[in-house]
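Report on the structure
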Number of protein chains: 2
Amino acid sequence: MSAPNRATLWGRVLVDELVTSGLEAVCIAPGSRSTPLTVAFAAHPEIDVYSHLDERSAAFFALGRARRTGEPTALVCTSGTAAANFHPAVMEADQARVPLLVLTADRPAELRDSGANQTVDQVKLYGDAVRWYAELPDPEADERKVRSLRTTAGRALAETGGPDPGPVHLNCPFRKPLEPLEVPGDVPEAFAETLAGAGRDGPFIETETGSMTPEANQMRPLVRALEDAKRPLIVAGPADPAALVGLEPDHVVAVADRIGAPILADPLSNLRFGPHVEADADHRRVYGGYDGYIDTLQEPDVVVRFGASPTSKPLRHALRDSDARQFLLDSAGAWREATFTATELLAAAPGPAFEALLEAVDSSNDGTADDENEWLAGFDTAEQRHWRVHDDALAPETLEADPFEGAVLATVFEDAPDPATVFVSNSMPIRDADRFGRPRPADLTVLGNRGASGIDGITSTALGAGSATDEPLVLVTGDLAFYHDSNGLLAVDRCNVDATIVLLDNDGGGIFHKLPIEDFEPPFTEQFKTPHGLEFEALGDLYGLEFERVDPVDFAPAYRRSLERAGTQVLAVAFDSETNHRRRDTLRKRVCASVRDERA
Amino acid sequence: MSAPNRATLWGRVLVDELVTSGLEAVCIAPGSRSTPLTVAFAAHPEIDVYSHLDERSAAFFALGRARRTGEPTALVCTSGTAAANFHPAVMEADQARVPLLVLTADRPAELRDSGANQTVDQVKLYGDAVRWYAELPDPEADERKVRSLRTTAGRALAETGGPDPGPVHLNCPFRKPLEPLEVPGDVPEAFAETLAGAGRDGPFIETETGSMTPEANQMRPLVRALEDAKRPLIVAGPADPAALVGLEPDHVVAVADRIGAPILADPLSNLRFGPHVEADADHRRVYGGYDGYIDTLQEPDVVVRFGASPTSKPLRHALRDSDARQFLLDSAGAWREATFTATELLAAAPGPAFEALLEAVDSSNDGTADDENEWLAGFDTAEQRHWRVHDDALAPETLEADPFEGAVLATVFEDAPDPATVFVSNSMPIRDADRFGRPRPADLTVLGNRGASGIDGITSTALGAGSATDEPLVLVTGDLAFYHDSNGLLAVDRCNVDATIVLLDNDGGGIFHKLPIEDFEPPFTEQFKTPHGLEFEALGDLYGLEFERVDPVDFAPAYRRSLERAGTQVLAVAFDSETNHRRRDTLRKRVCASVRDERA
């Protein structure tokens, strides 16, 4: 590796090692101090470079790409507040275990706290939110230093992965010249021939990371409990596909079959949809309607949970209020259960754990067949009732009289192409996806920012996910999230992503109608619901998107049309959030009454 | 103070103490966890509440208001990534010494790292960027706890000020119910009568903070040096009006007069404009054109510097390259001089220091009258030449042929009403303000985010500044900054701010033409200049602004028209950044040649 000066050498070596070690994409925001990194990335033939103008959106785009691929995406910015703009996405990456490699350019150490322009304290800027922080030394064509740089590059990528994937921060000081200008003597010609300069044929260091695999004796309590269980339950919480660490959905289904357990699959679990889901509505293993009825059923006696805490509050409360033994499976051994009623934590990746279960669990368990049948039948009936009530409520003739956001989410999942990537915003969309997203055998990858559950960066994260796949991309978002990350729409054109954006526009924070604050006016409307009256058509004009206002009854055909078209369409469907909130309540009561009637 | 439950009590006491202690404004982003704070702020009759939907913009708006007033503005957000969105503005507030009080709602401590929704580690979230961090205890109607809360409120406000003003972060955990719902027994009726419950008549604690005032013997070296100086120079760097800590511009002028020193006033020094500036062009003390000619003049032998590091790179380099004794005056004793050639640091506020100088400096200094005259005459001539060259270059007939961004900045300052607040974006606008903003006796408050020098949050900061005054508000911004904080435009309507927004649209990062990277294509255009082709009219539509495309030659009348109109107008003036860059170079060469000719 030859270079006209040390900063250029540094950038080239770092980028070369990262790419050789497997980095496939980088999001770059323009800036001067980061020139050595930007120039090296832009010149590298084997990496996808995405240019963004707002660092916050850039970071969420990188996050989305990493969520979809399970592979680290890198981020580059200049010094100063640019780096702080990455913070929200770094926080989400931490909470949601998404591999991100953050490269912040910095001024040389001697300029910190000296009044130098655009110089702030970037050391450990993201606190404990990163898996690893390293401060790169001053660039120099020194053999040991450059070997350390190559090693750091490999380590940094490795640290984004493993049992607890997440963000890694390399702070990268550079001094001028930052551009590839010749500085005589800065990088001796012979340096290119050294081990440091030339690197190795392939990555300088190879890092392999195993996954947490349980010993047979560690599995025994869980195996015994499941064999003895009369009412076993499997709860799959939110998990990006990569976070399932080799979990075969068929293994979960096979274990569930053998022990007679329903699988309650969160919309973000990546188990609610897929070929393992039976199309036959009378013989289920994967249940999706539980948010609407779980509290009407018998309590489980043994629960196996993996993934993050479920989106469904009724489910979380049902688990909290049960006396069941609850086993948590977690690849990093983290405790992700905030009611503190779980009893056992197995620090093991879901993949190996379910493989072990499949081998160990005896199907002739002590639960009598009758018990088992009754237990499963309860779920089957409830699930049937749930979807029947919703089929009625969401029928076009009903919707004409009572437009309902839930119908949009139902259609989004029902009519999504196979395969497709569906990104669902926080606040109401994910809750509606939970209740109205019916399990299907289609290969849908469903993603959301459920780590820290912010409504910032939603659009960018979705577009980042879309950038990683040729599948159709659907984003379902609310008006506040759409406003919050309006800058993210620039990526549609700049990063060449096609999407169908479903905008549920109820002019403010509909979710607050779910909360007791609704009864306190003022300040309810002005400080919580915060209607803004924004006419989002203008964003369509600004960013060159096709923008269509769609009547709720016409949503399904408009959605299907958009999915067949190239380009990005925004389908804006207007609703009244208060009416919607009442309607969700009414429907849930109807489902529960129907399930209770059946059981009576 | 009575309350239906402990969370409500906590919010009411905290807000009551803050307002009683002098807090006048708060920016609130909607959220649930922050309900006790939001409800209390919204119900308080004596505070201005600004509601924002994007926390990043909210924080910059608060920053702008605090810059303009010198008084702390509070910020409220819910838990999670919302708090991370405050980070860029907190960083700027740290660097630029702006009093900000950040109140982040949080989940109770036991939910951290438990997988609970929207729960992240907010402890010391902004690292060393805040002056004080405190974690509030769990709310409870406990007398000592509530007295501590009242004390913390007073301390927090005080910590935003003093010799080194800046951001303070209070992390505020709340548990449900968050709304003012009755919880029997939670707050005993008698509690309202206790000292904790009732507080005091006025603030619970009074905090007074002195300013750093130099002793006479500490002044002596500076006084002697100035008395002996042959070529003394006063350099006023960027400083918000409040950061001048009682500095009387007339005192600076009087000292300068007495010792025969020119005052080089940064456009952000708040000394370039004001009644202390002589209208008579032949008898100057305040110089504004030095960025164009400083390197053609004699070296100073004694320099007094205050404020942050000057915007002008030629000035910084001239100081670096001189052998002068350089005295830094700083109210917090910080070293804000990154060339490390200054020799003396006086930890004293500019106000008291100049008062002391005025008393101590003998006007019969050792510099001979001739020396002094030659020294001042050099500056006078250079300044005259500078403005003459620019008057020619910026004349309408010249502009017709050669449109030039510098002319816009010249007009902005020349035609700004008296008084007015002018906010100038980073990147090229502040550099052009430096070179083309001619000193005037008008009372212009000129602000910029020159702490960390980001281009994020510019619009919001300007609108926040405007919210604090009835003066006309002018914002000069580039297209990248305008895009970056497009969300900030929502405040025009929601927060009822009128502004004239001058948008210098050169479709990308014109500043990169100043850097050597310009010669490296690729990646210059795609990764540095980053043209985006955005037609910003659409933002006018979205946010209900009057948007006008203005031809460069018509800028002055359009600007004056806008200043006379109510409402917010965006005047978009399109330029070619490359041509502009060449023109700046040519003009500077012309000024320098003209000054050298004069001296030859």
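Cut-offs and rules
- Residues numbered from 1 in each chain as written.
- Chains lettered and ligands numbered in written order.
- Predicted model: local features only at pLDDT ≥ 70, side-chain atom pairs only at ≥ 80, totals over all residues.
- Heavy atoms only, no water.
- Buried < 20%, exposed > 50% of the residue type's maximum accessible area, 1.4 Å probe, protein only.
- Helix = DSSP H or I, 4+ residues; strand = E, 2+ residues; numbered from the N terminus.
- Contact = heavy atoms within 4.5 Å.
- Polar contact = N/O pair within 3.5 Å; in protein donor to acceptor, adjacent residues only side chain to side chain.
- Domains from an automatic or database assignment.
- Buried area = accessible area lost by both parts, 1.4 Å probe.
- Salt bridge = Lys/Arg side-chain N within 4 Å of Asp/Glu carboxyl O.
- Nonpolar A, V, L, I, M, F, W, Y, C, P; charged D, E, K, R; others polar.
- UniProt positions renumbered as here; feature names shortened; annotations may be inferred.
- Least-squares fit on C-alpha atoms with pLDDT ≥ 70 in both.
- Phe/Tyr/Trp six-rings, centres within 6.5 Å; stacked < 30°, edge-to-face > 60°.
- Lys NZ or Arg CZ within 6 Å of the ring centre and 35° of its normal.
- Pairing = 2+ DSSP bridges.
- Axes fitted to C-alpha atoms, helices over the stretch in contact; angles between N-to-C directions.

Turning to helix α14 (residues 405-414) of chain B, a few remarks are in order. For α14(B), a buried count of nine out of 10 residues is recorded, marking the element as mostly surrounded by other parts of the structure. Those residues of α14(B) lying buried are E405(B), G406(B), A407(B), V408(B), L409(B), A410(B), T411(B), V412(B) and F413(B).

Right, let's talk about the environment of R435(B) for a bit. Residue and element names in this part refer to chain B. Residue placement: R435 occurs in helix α15 (residues 428-436). Placed 329 residues apart in sequence, R435 and D106 show a C-alpha to C-alpha distance of 47 Å. For R435, the residues in contact, after removing those within four places along its chain, are D291, G292, H386, W387, H390, R584 and R588. A polar contact of 2.7 Å, which involves the side chain of R435, links it to the side chain of D291.

Moving on, we come to the domain arrangement of chain A. Residue and element names in this part refer to chain A. Each assigned domain of chain A is listed with its residue range as follows: domain 1 (6-198), domain 2 (216-383) and domain 3 (394-591). With 19 residues of domain 1 at the contact, the number on the domain 3 side is 29 residues. Among the residues of domain 1 in contact with domain 3, F60, F61 and R68 are the three that bury the most area, contributing 34% of the side total. On the surface where domain 1 and domain 3 come into contact, there are one salt bridge. The partner of R68 in a salt bridge is E471, and the shortest N-O contact between them spans 2.9 Å. In this assembly, domain 1 and domain 3 are joined by 12 residue pairs in polar contact (both at pLDDT 80 or more). When residues of the side of domain 1 that touches domain 3 are traced back to their parent elements, those giving at least two are β2 (48-51), α3 (55-69) and α5 (87-96). Looking at the side of domain 1 that touches domain 3, the element that brings in the most residues is α3, giving 10 residues. Taken together, the residues of the side of domain 1 that touches domain 3 sort by class into seven nonpolar, six polar and six charged.

What follows deals with the UniProt feature "domain: Thiamine pyrophosphate enzyme TPP-binding" (unreviewed entry) in chain A. With numbering aligned to this structure, UniProt lists the feature "domain: Thiamine pyrophosphate enzyme TPP-binding" (unreviewed entry) at residues 460-571 of chain A. Between the C-alpha atoms that bound residues 460-571 of chain A there is a distance of 17 Å. The span itself is 38% helix and 18% strand.

Attention shifts here to the relation of the copies chain A and chain B. These two copies of the chain differ by a rotation about an axis and a displacement along the same axis. By a simple turn and slide, chain A fits onto chain B: the slide is 0.0 Å along the axis, the RMSD is 0.0 Å, and the turn is 180°. This pairing of chains is accounted for by a two-fold axis. Residues of chain A ranked by C-alpha distance from the rotation axis are headed by A538(A), positioned 2.6 Å from it. Take the interface residues of chain A: 100% of them recur as interface residues in chain B, which is what a same-surface contact looks like.

In this section: the packing of aromatic side chains. For the coordinates displayed, the defined rule picks out 19 aromatic pairs over all chains. Between F404(B) and F436(B) the ring centres are 5.4 Å apart and the planes differ by 85°, which places this aromatic pair in the edge-to-face class. Placement of the pair is F404(B) in the loop between α13 (396-401) and α14 and F436(B) in helix α15, with a sequence separation of 32 residues. Residues F482(B) and F536(B) carry aromatic rings whose centres are separated by 5.3 Å and whose planes lie at 80° to one another, so their mutual orientation is edge-to-face. Taken together, the positions of F482(B) in helix α17 (residues 479-484) and F536(B) in the loop between α19 (524-529) and α20 (537-543) put the pair 54 residues apart, joining distant regions of the chain. Neither F482(B) nor F536(B) differs from the other in exposure class; each is buried. Pairwise contacts between aromatic rings join Y287(A), Y293(A), W375(A) and F379(A) into one cluster. The lysine or arginine in question, R200(A), covers the ring of F204(A), its NZ or CZ lying 4.3 Å from the ring centre.

In this section: the sheet that holds strand β10 (residues 302-306) of chain B. Residues and elements named next belong to chain B. Reading across the sheet, the six strands line up as β9-β8-β7-β10-β11-β12 and stay open at both edges, with parallel pairing between neighbours. Two strands in the sheet have a free side with no partner beyond their single neighbour: β9 (286-287) and β12 (344-346). One ladder, built from three bridges, connects strand β7 (residues 232-236) with strand β8 (residues 263-265); its direction is parallel. Residue pairing in the sheet places A236 in a bridge with A265 of β8. Taken strand by strand, helix α8 (residues 216-228) contacts β7, β10, β11 (325-329) and β12, and its axis lies near 135° from that of β11.

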